[in-house]
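A structural walkthrough
The residues making up each chain are set out below.
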Amino acid sequence: MTERRLASDLVARFSRLTWITLSAYAVVVIGAFAVLGEVSLGRSMGQTATVIESLLGLYAGPGGERTTVASDSLAEHLVGMGARFIITRTAPTAEGGRSVYFLSPTMPAKRIEALGPDATPEDVNAEIVRAVAERGRWRYRILRRPVGEFDIFIAGSRQPHMVALAAIAGVVLLLLPLAALAARRATRTSVGTALAPVERVSSETQSIGPDDLSRRVAEPTGVIEVTQIAAAINRLIARVETAHRALEAFTADASHELRTPLTYLRAQAQWALDERRSPEEMREALAAIGSEVERTSKLVDDLLLLARSDNRAIEVGRDPFDLSVIACDAREIAEAMATGRDVAVLNEVREPVNALGDSHYTRQVVLNIVINAVRHTARGSVTISLRRDDERVGVAVRDTGEGIPPWDLDHIFDRFYRVEKSRSRAHGGVGLGLAIARMLTELQGGGIEVESTVGEGSTFTVWLPTA
Ligand code: ADP
């Protein structure tokens, strides 16, 4: 597809439109003038015919019959009116035939005389039309009006209004290109003015590089539609900025979380390599190294899982499964974790509840939340129960632990966010557990809700679509 500049495209379209409109207008004006000329010619011929008709009436014989040839004075009168006309009279002949007399002196009498005395008014009409055609069909118009035994023929000349029409057409043809040119110039100017905000938004957007994502395109632009585009671009830049910052923070956090175990491992290895270490001490150091390596590989697994979800490379099943089975498994693990502590793990799950999603990932999510609950509960209980509403089913994990301050509640699902960094790290967490839990739940079309009161405990509910 060929790319064109909007401005030139618009100018071309408007110019074409102007040409068509102006030409159509010219055609309409010329046409209207021609029609008006025809109408007024017809009307004036009609009036002439009426005058001739009334004058004919004056020349009736003494008995009221119009039998005589028109007198010279009638002819003079009519010629004085400037009319081109013929009056014929059809009279019965002595032999029982009919003969036509030509009463008027001003028309091409020679030819009419050539018709002979037996000609009918129709012959006269045909002859006049032929004579007029010889002189130019378009230049004259013929009117025939029968008045008793007389026939009045009038030839009206189109010459005067043809001249005016030609003058108008000439002027129009001369002015049309000038008007179209002027319209093109005006269009170019106004299109340029109209598109200026678009150009401005475009150049401002282009000037925003990856380093100045905090900059925005100026709003309002003066044109509602362009302002809407500018606002949309600004929203897009804001999203890109947020994502960019999140990525930067994520990279910084991830590097930090990976560097810490590496420093620890190097220190342990150096300590163990010291010649003074006993075999017992070396075994202890190796065991510590082993568990740190395990933690780090779990961290790397978590990071890979998040990266795959960011790249939409995780496949999530959508099959029915029983949530109560997962709840029971989670309870067993929680009980094992709580052994020897003053924490009771209670199971309120009574009957099977079918969810739609991925049982493997849901198990991971619920375990994560149950393990958090046991970790953050010094004494009291952790209760697992099932929920159900119109379209969803859920697993709720309620604990009587330390609770989460309200200002942290909005962030606990953020990557690497920990309420108390030092304590959480002592538990072995780096703040990815809930981020992964939320990501896996949302991939299944569900969500996680949390309610918490500091000192009283928290309730996490994992919701999934019902099967
Ligand atoms: P971590 O892996 O470090 O535990 P999570 O993402 O699982 O990170 O949790 C984020 C933060 O939320 C933790 O630092 C912890 O302080 C807080 N948290 C999670 N679950 C609970 C809970 N049941 N009670 C109190 N705080 C909790």
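These notes cover the structure that comes with them. If you're wondering where the values come from, they're calculated on a predicted model, not measured in any experiment. (Residues numbered from 1 in each chain as written. Predicted model: local features only at pLDDT ≥ 70, side-chain atom pairs only at ≥ 80, totals over all residues. Heavy atoms only, no water.)

So, the overall build of the chain
The helix and strand tally for the chain stands at 12 helices and 11 strands. Sorting the 467 residues of the chain into buried and exposed places 36% on the buried side. Just so you have it, the chain exposes about 27600 Å², and 58% of that area is on carbon and sulfur atoms. (Helix = DSSP H or I, 4+ residues; strand = E, 2+ residues; numbered from the N terminus. Buried < 20%, exposed > 50% of the residue type's maximum accessible area, 1.4 Å probe, protein only. Areas by Shrake-Rupley, 256 points an atom, 1.4 Å probe, with all protein chains shown as cover.)

Quick notes on helix α8 (residues 323-338)
A rise of 1.5 Å per residue sets the reference length of α8, with its 16 residues, at 22 Å; its end C-alpha atoms lie 22 Å apart and thus fit the reference within 8%. Just downstream of α8 lies G340, where phi reads positive at about 85°. (Expected span 1.5 Å × (residues − 1).)

Digging into the sheet that holds strand β10 (residues 447-453)
The 5 strands are arranged β6-β8-β9-β11-β10 in an open sheet whose pairing can be described as mixed. Strands with a single pairing partner mark the edges of an open sheet, and in this sheet they are β6 (342-347) and β10. On average, each strand axis in the sheet is tilted by 15° relative to the strand beside it, whichever way the strands run. In the sheet, strand β9 (residues 392-399) pairs with strand β11 (residues 457-465) via 7 bridges, with the strands oriented antiparallel. For V395, the partnering residue across the bridge sits in β11 and is V462. Against the sheet, α8 engages β6, β8 (379-388) and β9, with an angle of about 165° to β6. (Pairing = 2+ DSSP bridges. Axes fitted to C-alpha atoms, helices over the stretch in contact; angles between N-to-C directions. Contact = heavy atoms within 4.5 Å.)

Quick word on the environment of F150
Within the fold, F150 resides in strand β4 (residues 150-157). Expressed as a C-alpha distance, the spacing of F150 and E53, which sit 97 residues apart in the sequence, is 9.2 Å.

Quick notes on the pairing of β11
For β11, the buried fraction is high: 9 of the 9 residues fall into the buried class. Burial along β11 is two-sided: the residues G457, T459, T461, W463 and P465 and S458, F460, V462 and L464 are all buried. Across 7 bridges, β10 lies against β11 in antiparallel orientation. For G447, the partnering residue across the bridge sits in β11 and is W463. Taking the residues that link successive antiparallel strands as the turn, the β10-β11 hairpin has 3 residues, and the phi of G455 there is positive, at about 90°.

Here we look at the pairing of strand β3 (residues 140-147)
Relative to β4, β3 is paired through 8 bridges, and the arrangement is antiparallel. Bridge assignment links V147 to a residue of β4, and that residue is F150.

Looking at unusual backbone geometry
Glycine aside, negative phi is the norm for most residues, and most peptide bonds take the trans geometry. Put simply, E219 and P220 share a cis peptide bond, and its omega is -10°. With respect to the helices and strands, P220 occurs in the loop between α5 (159-207) and α6 (224-273). The phi dihedral of R312 is positive, around 55°, even though this residue is not glycine. Owing to a relative accessible area of 76%, R312 belongs among the exposed residues under this scheme.

A few points about the nonpolar core
The biggest cluster of nonpolar side chains holds 48 residues, and the ones touching the most others in it are I369, L432, I448 and F460. With 8 residues, helix α9 (residues 359-375) is the largest single contributor of residues to this core. For this core, the domains that each give at least three residues are domain 2 (224-310) and domain 3 (319-465). Apart from residues lying up to four places away in sequence, I369 is in contact with V397, L434, I448, F460 and V462. (Core = buried A, V, L, I, M, F, W, Y, C linked by side-chain atoms within 4.5 Å. Domains from an automatic or database assignment.)

Focus: the packing of aromatic side chains
The tally for this structure, following the rule as stated, stands at 1 aromatic pair. Judged by centre distance (5.4 Å) and plane angle (45°), the ring pair of F250 and F416 falls under tilted. Linking F250 in helix α6 with F416 in the loop between α10 (406-409) and α11 (421-427), this pair joins segments that are 166 residues apart in sequence. Look at F416 and you get buried, because its relative accessible area is 3%. Of note, R392 hangs over the ring of W463, and the distance from its end group to the ring centre comes to 4.1 Å. Across the ring face of F250, the terminal group of R415 is positioned such that the distance to the ring centre comes to 5.2 Å. (Phe/Tyr/Trp six-rings, centres within 6.5 Å; stacked < 30°, edge-to-face > 60°. Lys NZ or Arg CZ within 6 Å of the ring centre and 35° of its normal.)

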